[in-house]
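# Coordinates in review
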Amino acid sequence: MNRLFFAVTILLLLCSACGNRRIGSRLKQAEELIAADRLDSALSIIESIDSTAIPDDEDRAHYYMLNTRLLYCLYKPVTDTAQIRWAANYYSTHDKDKIRLANTYYYLGMLELEKNNTVEAARHLKKAEEAALLTKDLNLKHKIYDALSTLNFRTDNFSLALRYANMTLDCARKTGNNLWLAYSYNHLACIHEQIGNTDSAWSYIQKCVPFTHALNDKERSMIYNMLGDFYLRRGDYDMAINHIGQAYEITPHAQTCNLLAGIYSSRGDRQKARELWKQALDSASREVRSQILDTIATHYYAHGKSDSAYIVVRKLMALRDSLSKERETVAINEIQLKYDHQADKRHYDKLLIRALYI
């Protein structure tokens, strides 16, 4: 009987070790898919893993980091940052993997930036930068520098925004990534324009143009939108319509329609603006629809149409309330399903122990 018990114990330990290796292997596969920009495939792997059944802390930290990273990159709501904070605590205390540590702090920072918690965002992004400096990963450094430049631009720290924008550009040049180069030049143009260096701003925006021919349709549309937005902020509506119109011809995205509608509204062509806003609202996700309604209400109010603005604001508030309740429902469902699963697992464990005893 003792020998049988010993054999069963060894067998269970071996099965557990094999299970751990399988989880680790699947997590690495998901990470490779993310690096190859195959986000949906990576998410399928992550969703197939039961987070409550991961016994190893290193695998759990890796799972939490990848799960949050995928939700963020796929524009899905991250209702709870407890997972990514747990991963950050694990990586910072175990000092094993600087790349994962930097990624963890980067996504923590970006989530705080989304909520406009700029102080917390800065703290996490600086920790991400500190960890990334100990690696040779240019992709990692590029996105952290870009985030720090954006953060400083939003908080009017233009000297730091410029410093990090140049560091972002350096990474883009070293990798030869055309999309990164176009984005870097555009961002530098925005910073120089903000601090009054109009000649430098114009020089950098012109550097974006040659890259439009080297990009695919999706990337080219994004660059045309950026160029159009640059001219829009300068009040050059003709050039703005020219570039955003080119983006519209490639792919009439909801956000592109929204930008064009805003221009036509500002120029007094209300009919064209209404047509474009309708097209934008028909194709937009619920989150983007909220941004579009906000733009419409602002334009109505600016042109003295307070009654129309009020109607749109009522729709906007109802939509935002609906989105808020939806996120809360998802979070509550996740909590309940997690506890249900744990209860089922405890029941299964009891049955297994009884079976082994018998």
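Structure: see above.
Note that the coordinates shown come from a computational prediction; the quantities given were computed from them, not determined experimentally. (Residues numbered from 1 in each chain as written. Predicted model: local features only at pLDDT ≥ 70, side-chain atom pairs only at ≥ 80, totals over all residues. Heavy atoms only, no water.)

## Let's talk about helix α8 (residues 158–175)
With 18 residues, α8 extends 26 Å between its outermost C-alpha atoms, agreeing within 8% with the 26 Å of an ideal straight helix rising 1.5 Å per residue. Turning to α8, its buried residues number three or more, namely F158, A161, L162, Y164, A165, T168, L169, C171 and A172. Contacts from the buried residues of α8 go to α6 (118–132), α7 (138–154) and α9 (178–194). (Helix = DSSP H or I, 4+ residues; strand = E, 2+ residues; numbered from the N terminus. Expected span 1.5 Å × (residues − 1). Buried < 20%, exposed > 50% of the residue type's maximum accessible area, 1.4 Å probe, protein only. Contact = heavy atoms within 4.5 Å.)

## As for the packing of aromatic side chains
Inspection of the entire model under this criterion finds 12 aromatic pairs. When the centroid spacing of 5.6 Å and the interplanar angle of 90° are considered together, the rings of Y64 and W86 count as edge-to-face. Residue Y64 is found in helix α3 (residues 57–73), and its partner W86 is found in helix α4 (residues 82–94); the two are separated by 22 residues along the sequence. For W86, a relative accessible area of 31% gives the class partly exposed. Ring pairing ties together the aromatic residues Y63, Y64, W86, Y90 and Y91, which thus form one cluster. The ring of Y164 has R163 sitting right over it, with the charged end atom 5.0 Å from the ring centre. (Phe/Tyr/Trp six-rings, centres within 6.5 Å; stacked < 30°, edge-to-face > 60°. Lys NZ or Arg CZ within 6 Å of the ring centre and 35° of its normal.)

## Focus on the pattern of salt bridges
Counting across every chain of the model gives 9 salt bridges. A salt bridge links R100 to E31, with the nearest nitrogen and oxygen atoms 3.5 Å apart. Taken together, the positions of R100 in helix α5 (residues 98–114) and E31 in helix α1 (residues 2–35) put the pair 69 residues apart, joining distant regions of the chain. Taking relative accessible area as the criterion, R100 reaches 12% and is therefore assigned buried. In this structure, R123 engages E120 in a salt bridge whose closest nitrogen and oxygen atoms are separated by 2.7 Å. Taken as a pair, R123 and E120 lie in helix α6 at a separation of 3 residues, close to a single helical turn. Under the relative-accessibility criterion, R123 is labelled partly exposed at 37%. A network of salt bridges, in which partner residues are shared, links E31, D97 and R100. (Salt bridge = Lys/Arg side-chain N within 4 Å of Asp/Glu carboxyl O.)

## What about the packing of α9 against helix α11 (residues 217–233)?
At a minimum axis distance of 11 Å, the contact between α9 and α11 shows a crossing angle of 5°. As far as their axial angle goes, α11 and α9 are roughly parallel. Of the residues in α11, those in contact with L179, A182, Y183, N186, A189, C190 and E193 of α9 are E219, M222, I223, M226, L227, F230 and R233. (Axes fitted to C-alpha atoms, helices over the stretch in contact; angles between N-to-C directions. Parallel < 35°, antiparallel > 145°, perpendicular 65-115°, else oblique.)

## Quick word on the environment of N186
Secondary-structure assignment places N186 in helix α9. By relative accessible area, which is 8% here, N186 ends up buried. The spatial distance from the C-alpha of N186 to the C-alpha of I223 is 8.5 Å, given a sequence separation of 37 residues. Once you skip the residues sitting within four places of it in the chain, N186 turns out to touch I205, C208, M226 and L227.

## Digging into α5
Taking 1.5 Å per residue as the helical rise, α5 with its 17 residues ought to reach 24 Å, and the 24 Å between its terminal C-alpha atoms agrees with that figure. Summarising burial for α5: 14 of the 17 residues are buried, a large majority. Residue D97 occupies the N-cap position of α5, its side-chain oxygen lying 3.0 Å from the main-chain nitrogen of I99. One or two positions beyond α5, positive phi appears at N116, with a value near 65°. (Polar contact = N/O pair within 3.5 Å; in protein donor to acceptor, adjacent residues only side chain to side chain.)

## Some details on the nonpolar core
Of all hydrophobic cores here, the largest spans 46 residues; its most connected members are Y106 and I144. Take this core: its biggest share by element is 9 residues, from α5. Sequence-distant contacts of I144, defined by excluding residues within four places in its chain, comprise A102, Y106, L125, A128, E129 and A132. Judged by nonpolar contacts, the second largest core, of 43 residues, contains A172, L181, A182 and A280. (Core = buried A, V, L, I, M, F, W, Y, C linked by side-chain atoms within 4.5 Å.)

## Quick notes on the environment of L33
Locating L33 in the fold gives a position in helix α1. Judged by relative accessible area, L33 falls into the buried class, the value being 11%. Taking the C-alpha atoms as reference points, L33 and L43, separated by 10 residues in sequence, lie 9.2 Å from one another. Not counting the four nearest positions on each side in its chain, L33 is found in contact with R38, S41, A42 and I45.

## A look at unusual backbone geometry
At D37, a position not held by glycine, the phi torsion is positive, near 65°. Summarising the element assignment, D37 is placed in the loop between α1 and α2 (39–47).

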